[in-house]
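Here is how the chains run, residue by residue.
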Amino acid sequence: MTLATPREQLRDLISDLAVVRGRVTLASGKEADYYVDLRRITLHHAASPLVGHLLLDALEEAGFGPADIDAVGGLTLGADPVATALLHAAASRGLELDAFVVRKESKAHGLQRRIEGPDVAGKTVVAVEDTSTTGGSVMTAVEALREAGANVVAVAVIVDRNTGAREVIEAEGLPYLYLYGLDDLGLA
């Protein structure tokens, strides 16, 4: 008997726990016959560590090792557990990698920050997201990071819906990395 690889384990968890069938309207306004609710994965005890390690591996394979990246994060809420999973995966390997959260808009009180966590000015960062349809959410984060003085070097997501995000992100000069496409999940 062959044991499933971490990649196969995560794919199966996504298929079993996160794919919800039925007509839904996505954040982009597009309609679909299913919804991939990746918070059911990124906040799951067995899946979250897999997310962190597999995305860290994908970044390293693409030439973005933790020694080259200071921090990861993206637009709250979808990116938050993804960034945290990466932070913990790196720490378990003895590597230093911070995480940050990009608010949809600056706070009106306190420090009035749009980006929470360690300061990203002058830092090399990767914008992350759980899933991407049009690339709108992650590009909102990229714009905020650039305004804050961060050097955004890539975008990484768990699932690409293959509906234009890659083209939007690559048009901004950023590599677009993802772990699974719809075909990998039997949704194409």
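Remember, it's a predicted structure, so these values are computed and weren't measured experimentally. (Residues numbered from 1 in each chain as written. Predicted model: local features only at pLDDT ≥ 70, side-chain atom pairs only at ≥ 80, totals over all residues. Heavy atoms only, no water.)

**Some thoughts on the environment of Lys104**
For Lys104, the location among the structural elements is in the loop between strand E4 (98-102) and strand E5 (115-116). Overall, the relative accessible area of 59% leaves Lys104 in the exposed class. Between the C-alpha atom of Lys104 and that of His45, which follows or precedes it by 59 residues, the distance is 27 Å. Contacts of Lys104, omitting those with residues within four sequence positions, involve Leu75, Thr76 and Arg114. (Helix = DSSP H or I, 4+ residues; strand = E, 2+ residues; numbered from the N terminus. Buried < 20%, exposed > 50% of the residue type's maximum accessible area, 1.4 Å probe, protein only. Contact = heavy atoms within 4.5 Å.)

**Quick look at the pairing of strand E2 (residues 31-36)**
With five bridges connecting them, strand E1 (residues 19-25) and E2 associate as antiparallel partners. Paired with Arg21 across the bridge in E2 is Tyr34. The hairpin turn running from E1 into E2, its antiparallel successor, is five residues long, and Gly29 in that turn takes a positive phi close to 95°. (Pairing = 2+ DSSP bridges.)

**Concerning the pattern of salt bridges**
Counting across every chain of the model gives eleven salt bridges. Between Glu31 and Arg23 there is a salt bridge; the shortest N-O distance is 3.1 Å. The closest approach of N and O atoms between Arg93 and Glu60, which form a salt bridge, is 3.6 Å. In this pair, Arg93 is assigned in the loop between helix H4 (80-92) and E4 and Glu60 in helix H3 (residues 47-61), connecting sequence segments 33 residues apart. Beyond isolated ion pairs, a larger network of salt bridges with shared partners links Arg23, Glu31 and Asp33. (Salt bridge = Lys/Arg side-chain N within 4 Å of Asp/Glu carboxyl O.)

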